[in-house]
Amino acid sequence: MKKSIVILGLSLLLALPVSAATPFDGKIIALDAGHGNGQTGAVGDCNGTQVIEADVNLAVRSELEKILTANGAIYHEVAPLDSRQDRVADAEAAGSSVLISIHHNGSTNTSADYTQSFVTQKNDKVFASYIHPALVSKLGLPDKGIKSDGYGMTVYGSLPGVLTESYFVTDTDGACDFVDYRNGVTNTRVHKEAQAMYEGLLGYFSQNTGGGGRGRN
């Protein structure tokens, strides 16, 4: 009888589901919503409705956070500090593995629209080589490539990072697309951008195992 009980117990243990490892295990993704803290960034217009870049940046971060949470990934919201250097320091203090600084471009030409990303260090370029192509593929806009000119937050610290300018909020289509997003429309540029960033992160961590530690949502 005892032998039967032991065998039954082992069978039950073997039947319990085992959590599979994911590429995000031990990783912390720092997400910076560019501008904010009183800064608007670029400002667009959709039939008289103002579209502020800082709001778009926050919306993309929010949608990306939903996707990351659904897939068991840990993220850190970078504090909206005035200094870019302080923002990077905040991301590093949280033990982050990578940093995405979310931005959107602006121009006086309301039809100008393309996707571009910015990096500084060698490890930035590797990281961006996963994030940027995913953005181009999902958004379907002209590709202005990954520019290495020490722009924005990637000049500070040593975290692999990328500053994205996924599209122009001053482009009429882009501005009106964000108005649609706020009105509850799905599959907007905001949704596509967030999904692209997730896919880029998944690809990067699937191939690069560096980083680690615990984070906070």
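See the structure above.
Residues numbered from 1 in each chain as written. Predicted model: local features only at pLDDT ≥ 70, side-chain atom pairs only at ≥ 80, totals over all residues. Heavy atoms only, no water.

A look at helix H5 (residues 172-182)
Consideration 1: Those residues of H5 that sit buried are Gly 174, Ala 175, Cys 176, Asp 177, Phe 178, Val 179 and Tyr 181.
Consideration 2: Those residues of H5 hidden inside the fold are in contact with strand S2 (43-46), strand S3 (49-52), helix H2 (53-70), strand S8 (161-168) and helix H6 (189-207).
Consideration 3: In this structure Asp 171 caps H5, since a side-chain oxygen of it lies 3.2 Å from the backbone nitrogen of Asp 173.
Consideration 4: Backbone geometry just downstream of H5 places Gly 184 in the positive-phi region, at approximately 95 degrees. (Buried < 20%, exposed > 50% of the residue type's maximum accessible area, 1.4 Å probe, protein only. Helix = DSSP H or I, 4+ residues; strand = E, 2+ residues; numbered from the N terminus. Contact = heavy atoms within 4.5 Å. Polar contact = N/O pair within 3.5 Å; in protein donor to acceptor, adjacent residues only side chain to side chain.)

A short note on the state of the cysteines
Consideration 1: Taken as a whole, this structure holds 1 disulfide when the rule is applied.
Consideration 2: Here Cys 46 is linked by a disulfide to Cys 176, with a sulfur-sulfur distance of 2.1 Å. Because the sign of the S-S torsion sets the handedness, a value of about 105 degrees for the bond joining Cys 46 and Cys 176 places this disulfide among the right-handed ones. Linking Cys 46 in strand S2 with Cys 176 in helix H5, this pair joins segments that are 130 residues apart in sequence.
Consideration 3: Residue classification places Cys 46 among the buried positions, given a relative accessible area of 7%. (Disulfide = S-S within 2.5 Å.)

Things to note about the side chain of His 132
Consideration 1: Looking at where His 132 falls in the secondary structure, it is placed in helix H4 (residues 122-139).
Consideration 2: One polar contact links His 132 to Ser 117, side chain to side chain, over a distance of 2.8 Å.
Consideration 3: With sequence-adjacent residues up to four places away left out, His 132 is seen in contact with Thr 115, Gln 116, Ser 117, Asp 143, Gly 145 and Ile 146.

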